[in-house]
Amino acid sequence: MIIGYVFKRSVRLLTSTQSLTMADVLFSSNLLWVAGVTLVAACVYRASEFRNLDHIPSVGSSSLLGSYWTAIKFHRSGSKIVQEGYNKHKAAAFKVPTLGHWVVVLNRNHLGDIIRTSDKELSFHVALEDFIKTKYTFGPQIMGDAYQNAIVKSRLTHNLSTIISDVADEIAAALDKTLNLTENEWKCLPVLETVEKVVCRAGNRIFVGYPLCRDPDWIELNMQLTNAIIKEGLILSLFPKFMLPLAARLVTKTTNRDRRGARHLAPIIIERLKHMKEHGKKWNDKPDDFLQWCLDEGKETSADLLAARILVINFAATHTTSNTFAQTLYCLAANPQYIQPLREEVQTIIGEDGWTKEALAKLRKAESFIKETQRFEGNASLGVMRRALKDITLSDGTFIPTGTYVCVASHAIHHDPCVYEDPEVFDPYRYIKLQEKQGDSSRYQLVTIGPEWLMFGIGKAACPGRFFAAMMLKLMFAHIILSYDLKLGDISYPASVCIGPAIAANPSAKIMLRRRCN
Ligand code: HEM
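Residues numbered from 1 in each chain as written. Predicted model: local features only at pLDDT ≥ 70, side-chain atom pairs only at ≥ 80, totals over all residues. Heavy atoms only, no water.

Visitor: Would you mind showing me how to read helix α3 (residues 64-88) here?
Guide: One full turn of an α-helix is made of 3.6 residues, so residues set three or four places apart face in the same direction. With 25 residues, α3 extends just 20 Å between its outermost C-alpha atoms, more than 12% less than the 36 Å of an ideal straight helix rising 1.5 Å per residue. Most pronounced at serine 77, the bend in α3 amounts to some 115°. (Helix = DSSP H or I, 4+ residues; strand = E, 2+ residues; numbered from the N terminus. Expected span 1.5 Å × (residues − 1). Bend = angle between axes of the 7 residues up to and from the residue.)

As structure tokens, then:
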């Protein structure tokens, strides 16, 4: 997922000059020698890594030079290369070359080892830091004490019943504004772009509350965030470690982003601190949003720091949820035979229970549809990326030396006939059938992580925002199916595109939408 982000965004960025600024241009004159030195260092590093990982079979050429050819192919068609390795070495680990280093792809039998191992041995956070230089792109204080992640896990997840009506309200309003449809009019819309706007508003209704969640500047800041961070992380990864503090000053716009966010948050924070002082625990209509939960922690009141924390949460939430929902919506338009039964389910349940957490739990067909789209399309051929911080011997004896990047072949596992029957068939009711067959409803929910469901990762680093994400996905799905007709346009596209190990919603895909008259 992490490298997924990097690849998806890097391809868009490297082919676009729009966001180049003076700093980029000045910086690019020094880039050549830095790139030269880095290339030599990368070759030396990769050669030493190659010897250390000699005992693990490789996909493609097993010579050091030939591995560069495979690495180039991997950047063009990562999914195919990973699948090739998975088919060949099903029961064992194999390694895949990327331009900078090797990645060891563990088998699904190793997932137990990943779950048992602590972040001090196999670290998600170090892998993330290596890929997007979080210390500089998010800021040192933010990652030093990442209490925002704990808030996602505790307060956001525990408050879903309370916040659901606000999220539903924001989704309806955002769809109305973004689609801008007059009665009986079919409109052709780019799926990903449209969905991103709705997700960003819906998420921010809970991150910062109303009306800031509708402020065009706040929304623009958060929608550009992922691009900006990936771009900066990519450039920084060209520099040797000792140059990073200086390079980060030239390359990153972390301070600008935080200040831009802080300008919006400062007046709200001042007002809320005043109320907190006046009313203490007896503040009756205290806002129930992420900003307030951060203030309740009592750790900081600086608008810059709080803005930075909320931007980090947007980074984790917006692009991931948009990508998932864009794929889902496109698959729904491409499979119109499912629209009527899904609509009937939503009409009956929401008609009886309204927009409640309990009602969403009953939307079994909708949930199965979303989950099957993710199994079938997926968001990355490689997931669960970790970096070994010490030498580790896995339960089957596989030796992982310190410094190695490990991950699992998520997409191949989701398409493995030993895991799923007829995996190449898109069966939207697959998970309902599995629930009925095995009599276990909780095991097949969208949010239930396990060795056969890796969309949200696994183990201690598994996505803490998945319960909120699932709620937004189901609410958007239900709103669209109730209020809009949809179909594919004249030209159809593949729902997803593969770039390196990433699988992304196709940015060119479009669908036709029309408001339904009740
Ligand atoms: C469909 C949407 C989403 C997907 C597919 C997704 C996926 C993931 C994945 C794969 C990871 C890494 C897990 C691992 O490697 O084991 C992760 C981490 C994380 N996600 Fe999500 N995510 C989604 C939505 C969200 C949302 C809505 C939030 C917040 C509200 C969120 C917050 C986080 C955070 C904070 C982490 C880092 C956890 C840590 O540092 O320990 N995610 N997510």
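Picking up after the structure, the text goes on.
Visitor: I keep staring at the pairing of strand β10 (residues 496-499) and nothing clicks. Help me out?
Guide: Look at any regular strand and the pattern is simple: side chains alternate between the two faces of the sheet. In terms of strand pairing, β10 meets strand β11 (residues 502-505) through four bridges, oriented antiparallel. Bridged to serine 496 within β11 is alanine 505. Two successive antiparallel strands, β10 and β11, enclose a turn made up of two residues, where glycine 500 displays a positive phi of approximately 55°. (Pairing = 2+ DSSP bridges.)

Visitor: Looking at this structure, I do not really get the packing of helix α11 (residues 216-236) against helix α12 (residues 244-251). What am I missing?
Guide: Packed helices, taken two at a time, are described by their axes: the angle between them and the distance between them. Running from N to C, α11 and α12 cross one another at 145°; their axes reach a closest spacing of 10 Å. Seen along the crossing, α11 lies across α12 with a hand that is right-handed. Along its contact with α11, which presents Glu232, Ile235 and Leu236, the element α12 presents Leu244, Ala247, Ala248 and Val251. Grouping the constituent residues of the contact of α11 with α12 by class yields six nonpolar, no polar and one charged. (Axes fitted to C-alpha atoms, helices over the stretch in contact; angles between N-to-C directions. Left-handed = near helix turned anticlockwise from the far one by under 90°. Contact = heavy atoms within 4.5 Å. Nonpolar A, V, L, I, M, F, W, Y, C, P; charged D, E, K, R; others polar.)

Visitor: Explanation requested: the sheet that holds strand β5 (residues 383-388) in the structure shown.
Guide: Overall, mixed pairing links the five strands, which are arranged β1-β2-β8-β5-β3 in an open sheet. Looking along the sheet, the strands with just one partner apiece sit at the ends: β1 (94-97) and β3 (122-123). Sheet topology places β3 next to β5; two bridges connect them, and they run antiparallel. Bridging from a neighbouring strand, leucine 122 pairs with alanine 388 of β5. The strands that α3 touches are β1 and β2 (102-106); relative to β1, the one it contacts most, it runs at about 140°. Here helix α5 (residues 124-132) sits on the sheet in contact with β3, β5 and β8 (405-408), set at roughly 95° to β5.

Visitor: Help me understand the pairing of β2 in this model?
Guide: By the criterion of burial, β2 is predominantly enclosed, with five of the five residues buried. The side-chain alternation of β2 yields two buried faces, one formed by Trp102, Val104 and Leu106 and the other by Val103 and Val105. Two elements, β1 and β2, share four bridges in a ladder whose sense is antiparallel. Considered in β2, the bridge of phenylalanine 94 is made with valine 105. In this antiparallel pair of consecutive strands, β1 and β2, the connection spans four residues. (Buried < 20%, exposed > 50% of the residue type's maximum accessible area, 1.4 Å probe, protein only.)

Visitor: How should I be thinking about the environment of isoleucine 56 in this particular structure?
Guide: Within the secondary structure layout, isoleucine 56 lies in the loop between α2 (22-52) and α3. Those residues in contact with isoleucine 56 that lie beyond four places of it in its chain are Ala93, Phe94, Lys95, Val104, Thr398, Phe399 and Ile400.

Visitor: What's the story with the UniProt feature "binding site: heme" (unreviewed entry) in the chain in this structure? I'm lost.
Guide: The positions that UniProt labels "binding site: heme" (unreviewed entry) are, in the present scheme, Cys463. Relative to the assigned elements, cysteine 463 resides in the loop between α20 (430-438) and α21 (466-483). Residue classification places cysteine 463 among the partly exposed positions, given a relative accessible area of 25%. (UniProt positions renumbered as here; feature names shortened; annotations may be inferred.)

Visitor: For this particular structure, what's the right way to read the site of the ligand?
Guide: Taken together, 24 residues sit near the ligand, with His125, Asn149, Arg386, Ile458 and Cys463 positioned nearest. Asparagine 149 is positioned such that a nitrogen or oxygen atom in its side chain is 3.0 Å from an oxygen atom of the ligand. For the ligand, an oxygen atom lies 2.8 Å from a polar atom in the side chain of arginine 386. Of all the elements in the fold, those that place two or more residues in the shell around the ligand are α5, α8 (147-158), α15 (303-334), β5 and α21. Partitioned by chemical class, the residues of the shell around the ligand number 15 nonpolar, eight polar and one charged. (Near = heavy atom within 4 Å. Polar contact = N/O pair within 3.5 Å; in protein donor to acceptor, adjacent residues only side chain to side chain.)

Visitor: Hey, could you run me through the packing of aromatic side chains in this one?
Guide: Two numbers describe a pair of aromatic rings. These are the distance of the centres and the angle of the planes. Using the criterion set out here, one finds 13 aromatic pairs in the structure. Where phenylalanine 131 meets tyrosine 405, the ring centres are 5.6 Å apart and the plane angle is 55°; that geometry is what we call tilted. You can see phenylalanine 131 sitting in helix α5 and its partner tyrosine 405 sitting in strand β8, a full 274 residues away along the chain. As far as the burial class goes, phenylalanine 131 and tyrosine 405 line up, both buried. Considering the side-chain rings of tyrosine 338 and phenylalanine 369, the 6.4 Å spacing of their centres and the 65° angle between planes classify their relative orientation as edge-to-face. (Phe/Tyr/Trp six-rings, centres within 6.5 Å; stacked < 30°, edge-to-face > 60°.)

Visitor: Mind showing me how you'd approach the side chain of histidine 89 here?
Guide: Tracing the sequence through the fold places histidine 89 in the loop between α3 and β1. You can call histidine 89 buried: its relative accessible area is 15%. If we skip the residues at most four places from it in the chain, histidine 89 touches Pro57, Ser58, Phe94 and Asn107.

Visitor: Just checking my understanding: could you explain the sheet that holds strand β12 (residues 510-515) for this structure?
Guide: Through backbone hydrogen bonds, the strands of a sheet pair up, either in parallel or in antiparallel fashion. The strand order β4-β12-β9 describes an open sheet built from three strands, whose pairing is antiparallel. Unpaired on one side and paired on the other, β4 (187-190) and β9 (484-488) mark the two borders of the sheet. The mean inter-strand angle of the sheet, taken between neighbouring strand axes irrespective of direction, is 35°. In terms of strand pairing, β9 meets β12 through five bridges, oriented antiparallel. Within β12, the residue paired with aspartate 485 across the bridge is arginine 514. Against the sheet, α15 touches β9 and β12, its axis set at about 80° to β9.

Visitor: When you look at unusual backbone geometry in this model, what are you seeing that I'm missing?
Guide: When glycine is set aside, most residues are seen to have a negative phi, and most peptide bonds are trans. Of the consecutive residues tyrosine 210 and proline 211, the connecting peptide bond is found in the cis state with omega at 10°. Along the chain, the position of proline 211 falls in the loop between α10 (191-207) and α11. Here the phi dihedral of asparagine 184 falls at roughly 65°; this positive angle occurs in a residue that is not glycine. Locating asparagine 184 in the fold gives a position in the loop between α9 (160-179) and β4. Among the residues examined, asparagine 184 registers a relative accessible area of 53% and is labelled exposed. Residues other than glycine seldom take positive phi values, yet aspartate 422 does so here, at roughly 40°.

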